[in-house]
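Topology and contacts: notes
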Amino acid sequence: MTPSVRRLVAVSAGVSQPSSTRLLADRLAGEVAGRAGDRTTVEVIELRDLATEIAHNLVTGFAGPKLRAALDAVAAADGLIAVTPIFSASYSGLFKSFFDVLDRDALTGTPVLIAATGGTARHSLALEHAVRPLFAYLRAAVVPTAVFAASEDWGPGGDAEGLGPRISRAAGELADALAGRPARGRGEPELVPFAEQLAALNAA
């Protein structure tokens, strides 16, 4: 029997272009996919492109088409990479807002690799006191190693001595987690958010 395709989704909350947050997401996704095998697909979601639809969803309860596609991709993922810039010692508002509008059961049991970028390594603890608890609340299976990239990590010395090994270790953990669980079938019933079900009932 042909093995199922595994779907890896990376969410990047970088707001600049180019973005070190997106760069880190790409590095992690490439490393995980390389370890997980050639039947792994990768999709990268840029939250900066969804900011308006996320805001509308927060106040109306309904997702626009691009946001709905992103939410469905995350819910259907076999593994998730979530990368945020650190602002004011925590995840960005855009990052939090996206996961606020995601169905709260969508990530139950899903292996997740968390990562962040910031100007200084002093912000690295935000991964443990803010980002990891967020995904614990969503009942995701967060891998042990979190990856933080400060500005100095992008130089040749910092990458070779610190960032590169951290990326490899975390990617290996997520690849192992993917290998240890069955791929989600494409025939699963679509999850319809409660707000949309309620609206359909009111319209009937």
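This structure is a prediction, so every number in the text was calculated from the model and none was measured. Each chain carries its own residue numbering, running from 1 in the written order of its sequence. Thresholds applied to this predicted model are a pLDDT of at least 70 for local features of residues and 80 or more for the giving and counting of side-chain atom pairs; totals over whole chains, interfaces and linings are not thresholded and use all residues. Excluding hydrogens and water, the side-chain figures rest on all heavy atoms present in the structure.

**Description of the packing of helix H2 (residues 51–60) against helix H4 (residues 93–101)**
Keep this limit in mind: Here the axes come from fitting lines to C-alpha atoms, over the contacting stretch only for helices, and the angles between their N-to-C directions go from 0 to 180 degrees. A helix here means a DSSP run of H or I that spans at least four residues, while a strand means a run of E at least two residues long, and both kinds are numbered starting from the N terminus. Comment on the angle field: the value is read as roughly parallel under 35 degrees, roughly antiparallel over 145, roughly perpendicular from 65 to 115, and oblique elsewhere. Crossing handedness: left-handed means the near helix sits turned counterclockwise from the far one by under a right angle, and right-handed means the same turn made clockwise. Only heavy atoms enter the contact rule, under which two residues are in contact if any of them lie within 4.5 Å. Basically, the charged four are Asp, Glu, Lys and Arg, the nonpolar ten are Ala, Val, Leu, Ile, Met, Phe, Trp, Tyr, Cys and Pro, and anything else, Gly included, counts as polar.
Orientation of H2 relative to H4, taken along the N-to-C sense of each, is 50 degrees, at an axis distance of 10 Å. When the interaxial angle is binned, H2 and H4 end up oblique. Considering the relative orientation of H2 and H4, their crossing is left-handed. The segment H2 lies against H4, with Ala-51, Ile-54, Asn-57 and Leu-58 engaging Leu-94, Ser-97, Phe-98, Asp-100 and Val-101. Its residues assigned to classes, the contact of H2 with H4 shows six nonpolar, two polar and one charged.

**Topic: the side chain of Ser-97**
Our working definition: Relative accessible area decides the class of each residue, using a 1.4 Å probe on protein chains only: under 20% of the type maximum gives buried, over 50% gives exposed, and in between gives partly exposed.
Turning to its location among the elements, Ser-97 is positioned in helix H4. Owing to a relative accessible area of 17%, Ser-97 belongs among the buried residues under this scheme. Beyond its immediate chain neighbours, meaning those up to four positions away, Ser-97 contacts Ile-54 and Leu-58.

**A word on the pairing of strand E5 (residues 111–118)**
For a regular strand, side chains alternate in direction, first toward one face of the sheet and then toward the other. Let me state the cut-off plainly: Strand pairing requires that DSSP identify at least two bridges connecting the strands.
Here E5 lies mainly inside the structure; eight of its eight residues are buried. The side-chain alternation of E5 yields two buried faces, one formed by Pro-111, Leu-113, Ala-115 and Thr-117 and the other by Val-112, Ile-114, Ala-116 and Gly-118. Across six bridges, strand E3 (residues 79–87) lies against E5 in parallel orientation. In the strand pairing of E5, Pro-85 is matched with Thr-117. Across two bridges, the pairing between E5 and strand E6 (residues 141–142) is parallel. Along E6, the bridge assignment pairs Val-112 with Val-142. When E5 meets strand E7 (residues 147–150), the two strands line up parallel, connected through four bridges. Considered in E7, the bridge of Ala-116 is made with Phe-148.

**Here's the deal with the nonpolar core**
We count it as follows: Throughout, nonpolar core names a set of buried Ala, Val, Leu, Ile, Met, Phe, Trp, Tyr and Cys residues whose side chains join them through atoms within 4.5 Å.
Ranked by internal contacts, the top residues of the largest apolar core, which has 37 residues, are Phe-98, Phe-99 and Phe-135. Breaking this core down by element, the ones donating at least two residues are strand E1 (6–12), helix H3 (65–76), E3, H4, E5, helix H5 (126–137) and E7. Excluding anything up to four places from it in sequence, Phe-135 contacts Leu-80, Ala-82, Phe-95, Phe-99, Leu-107, Val-112, Ile-114, Ala-140 and Val-142. Residues Ala-115, Val-143, Ala-170 and Leu-174 belong to the second largest nonpolar core, which totals 20 residues.

**Notes on the packing of aromatic side chains**
Where we set the bar: Stacked, edge-to-face and tilted labels apply to pairs of Phe, Tyr and Trp rings (six-membered ring for Trp) whose centres lie within 6.5 Å, assigned for plane angles under 30 degrees, over 60, and everything in between, in that order.
Applying the stated criterion across every chain, the model contains five aromatic pairs. Judged by centre distance (5.0 Å) and plane angle (75 degrees), the rings of Phe-99 and Phe-135 are edge-to-face. Taken together, the residues span a long stretch of sequence, with Phe-99 in helix H4 and Phe-135 in helix H5 at a distance of 36 residues. Considered together, Phe-99 and Phe-135 belong to a single accessibility category, that of buried residues.

**A word on the packing of H2 against H3**
One can describe the packing of H2 onto H3 by two numbers: an axis separation of 8 Å at closest approach and a directional angle of 90 degrees. Between H2 and H3, the angle is such that the two are roughly perpendicular. Across the interface between the two elements, Glu-53, Ile-54 and Asn-57 from H2 touch Pro-65, Lys-66, Leu-67 and Leu-71 from H3. Among the residues forming the contact of H2 with H3, the class breakdown is four nonpolar, one polar and two charged.

**Some points on the pairing of E3**
Extensive coverage of E3 is indicated by the burial of eight of its nine residues. Pairing geometry for E1 and E3, over five bridges, is parallel. When the bridges of E3 are listed, Val-11 appears paired with Ala-82. Bridge count for E3 against strand E4 (residues 90–91) is two bridges, and the pairing is antiparallel. Bridge pairing links Ile-86 to Tyr-91 in E4.

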